[in-house]
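One-letter residues, chain by chain:
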Number of protein chains: 2
Amino acid sequence: MKKVKRTTIYDIAAKLGITASSVSRALNNSNQVNEKTRELIMKTADELNYKRNTLASNLRKGQSKTIGIVVPRINQNFFSNVIAGIEEATYQKGYNLIICQSNELHDKEIQCVNTLINQHVDCIVISVSADGNDYQHLQNVIDHGIQLIQFDRVADELETLKVINDNEQASFEAVSHLIEGGYKRIGLLEGPQNLAIFKQRKLGYLRAFKAYNVPVIDELIVENAWTKELGAAGTRKLLNLPHPPDAIFASTSDFSALGVLEVASAMGIKVPAELGVLGYANESFSEITSPSITTIDQFSFYMGNTVANLFFQELENTDTKTKPKIISIKPELIIRASTSKNK
Amino acid sequence: MKKVKRTTIYDIAAKLGITASSVSRALNNSNQVNEKTRELIMKTADELNYKRNTLASNLRKGQSKTIGIVVPRINQNFFSNVIAGIEEATYQKGYNLIICQSNELHDKEIQCVNTLINQHVDCIVISVSADGNDYQHLQNVIDHGIQLIQFDRVADELETLKVINDNEQASFEAVSHLIEGGYKRIGLLEGPQNLAIFKQRKLGYLRAFKAYNVPVIDELIVENAWTKELGAAGTRKLLNLPHPPDAIFASTSDFSALGVLEVASAMGIKVPAELGVLGYANESFSEITSPSITTIDQFSFYMGNTVANLFFQELENTDTKTKPKIISIKPELIIRASTSKNK
DNA sequence: TTTAAAATTACAATCGATTGCGTAAAATAA
DNA sequence: TTATTTTACGCAATCGATTGTAATTTTAAA
């Protein structure tokens, strides 16, 4: 690739016999420059195919108009939707997105965050990885005066802006739906309890039992079943119990619920008649499985939007000290075939 | 958010009573600095929580170690996988990704590209939007000395690096599979023909007919059926013909194929016995529909990897003029239940 | 011990855009 | 016409890191 000399404001200035400051002012719509000169500058800039060097501009201005995003996986439906939501809201305000993925690895997450600090981003939006529970790198973000917004998977102990789902309530409603539907022995496939979201979902599950005065059966709770394979394994274990469950809440994801369906099908157990199945996240496939899976929609795109708006809101907020704001989005139970016992 | 003064190399230099140049060199592992001073500098940098200002560094060096990506939609499986593939390969070399989405709109695509040029990215990776066929903005990228790599949906007329799928061959093999499976009247749901990928898929379809000496029946070809809804509509039209097809190749996507399945189911037509169905892209849901959908895998993650490697390869290539290189990835036919007529 | 060579470090310019301050020129008021 | 206010533009410093060149110190050779 050959090196190309790009036109700068000096080139424009030289061509017109004026100073770069005037060019800069014209380009920034300052009213300190004569209308005629401005037009001339604009025309010349266009002729010379001038493009502002954002690096230089940002360096001088001490801001980058860039938002950094760190997610466990870019190519996971939930996250890519959140990103799309952020993108929609920030693009029109002239912000750029730098996206990193942590691959669920704590070390890579730290690396990502550091890179973003180096880049002088104006804000870092993060959903922490499952691995690790040391948050020094996030504290560091704050110390560098960079706005930090956590979403979905958040480190509770850090006082930052947060956008979360009300997992507890969603889980409560989901399990209530199962109980009201006539299911008696409801199993739970739970996720890593070091992540608050999974802890909350379990709490919702427990609260539903209490609300309906149904005793909790500990042997129906399976730890760490957050992939399709682990979900399937957990299901096999549950269904082979002397007293197997008549419903399973795959609280980790629809993928896990898919594992439940497959095992049930392999064992000749009918869903939803003999076994109710409930997932989480409303993945696109959940409505086309047979039977379709009752699940919980997290409004991921809207969540991204909310994150972006929160950032802009705080930007205008000139208070010396911003108090940590937490926005909770209420997920929605999507009732489908997999939990319709009585049909 | 309070303004924070970040430590610079000058702060480190001042504290140690040396010059910023030495600090810079130490930080960049230059061998022009004494081992003891280096250690001292490193220690102090750490103590002061120093983070390099990438903006300043890049401005000075005239490169940004950043790659810009423009895709129609971030939250589409294929694209987010390609991005993940690019990310994997570039991250370890210290590159950052700036991601934009064009939303399939030509104007927004132009805006995105211009933003990336402003950002002085080292490379722009793009899959063009369906809308529009003017590529001045891409020519502009080249004129600015920025490496341009097109993937999947490419503007043929522009001589750039390209990473594409061999759509024609994949399509040929897919249709051959149908013919060999005993299907006689194979319908085609085609995409917008201004995109080369869809044109190629149609060519593959036609070539298969020629290869097996089967006459092409024009009325079985439906234009512009590239969403689930349009696919369903096209299917309805096809199945209501006096002589309906006994197989449908949804060449645009699995979503379209899903539309086919639904219409067939609604009309009581059995898949695959009475109607073979073939999709494209190997979306995650395609293996869990009933019946599961025979489709074509595009190796999207690998494609992203390839794009990244191509970039690095060209980076080392010091030839004055790089010739346009085209890498074609051979997609793979994934045979599933929806095309097994004889079972 | 002297001198040449090598290793360190300092100095200063540079990347491109922005902006406070000062001044010349133009517009307005007296 | 002169005084005063606006308006428009120039000058020069600045953002933080990098790097060619010069100066200094250290090391090695004579």
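Given the structure is predicted, the values throughout are model-derived calculations rather than measurements.

A.B. asks: It is not clear to me how the protein's contact with DNA strand D should be interpreted in this structure. Could you clarify?
C.D. replies: Near DNA strand D there are 27 residues, and of these Thr19 and Arg25 of chain A together with Ile9, Tyr50 and Arg60 of chain B occur at the shortest range. In the environment of DNA strand D, a phosphate oxygen lies 2.7 Å from a nitrogen or oxygen atom belonging to the backbone of Asn34 of chain A. One of the backbone nitrogen or oxygen atoms of Asn53 of chain B is found 3.4 Å away from a phosphate oxygen of DNA strand D. Taken together, the elements giving at least two residues each to the surface near DNA strand D come down to helix 2 (20-27) and helix 4 (54-61) of chain A together with helix 1 (9-16), helix 2 (20-27) and helix 4 (54-61) of chain B. In terms of residue count, helix 4 of chain B provides more of the surface near DNA strand D than any other element does, four residues in total. Class assignment for the residues of the surface near DNA strand D results in seven nonpolar, 14 polar and six charged.

A.B. asks: I tried to follow the relation of the copies chain B and chain A on my own but got confused; where do I start?
C.D. replies: Each of the two chain copies can be brought onto the other by rotation about an axis and movement along it. For the pair chain B and chain A, the relating rotation is 180°, the translation along its axis is 0.0 Å, and the fit reaches an RMSD of 0.1 Å. Both copies of the chain, as the preceding transformation shows, are related through a two-fold rotation axis. Comparing contact sets, 98% of the residues at the interface of chain B also lie at the interface in chain A, consistent with an isologous, same-surface contact.

A.B. asks: Explain the sheet that holds strand 7 (residues 221-222) of chain A here, please?
C.D. replies: Hydrogen bonds between backbone groups are what pair the strands of a sheet, and the pairing can be parallel or antiparallel. Residue and element names in this part refer to chain A. Here we have four strands laid out as an open sheet, ordered 7-6-8-9, and parallel in their pairing. With one partner strand each, in any of the chains shown, strand 7 and strand 9 (276-278) form the two edges of the open sheet. When strand 8 (residues 247-250) meets strand 9, the two strands line up parallel, connected through three bridges. Its bridge partner lying in strand 9, Ile248 is registered against Val277. Helix 8 (residues 167-180) rests against strand 6 (186-189), strand 8 and strand 9 of the sheet, and its axis sits at about 165° to strand 8.

Cut-offs applied
Residues numbered from 1 in each chain as written. Chains lettered and ligands numbered in written order. Predicted model: local features only at pLDDT ≥ 70, side-chain atom pairs only at ≥ 80, totals over all residues. Heavy atoms only, no water. Near = heavy atom within 4 Å. Polar contact = N/O pair within 3.5 Å; in protein donor to acceptor, adjacent residues only side chain to side chain. Helix = DSSP H or I, 4+ residues; strand = E, 2+ residues; numbered from the N terminus. Nonpolar A, V, L, I, M, F, W, Y, C, P; charged D, E, K, R; others polar. Least-squares fit on C-alpha atoms with pLDDT ≥ 70 in both. Contact = heavy atoms within 4.5 Å. Pairing = 2+ DSSP bridges. Axes fitted to C-alpha atoms, helices over the stretch in contact; angles between N-to-C directions.

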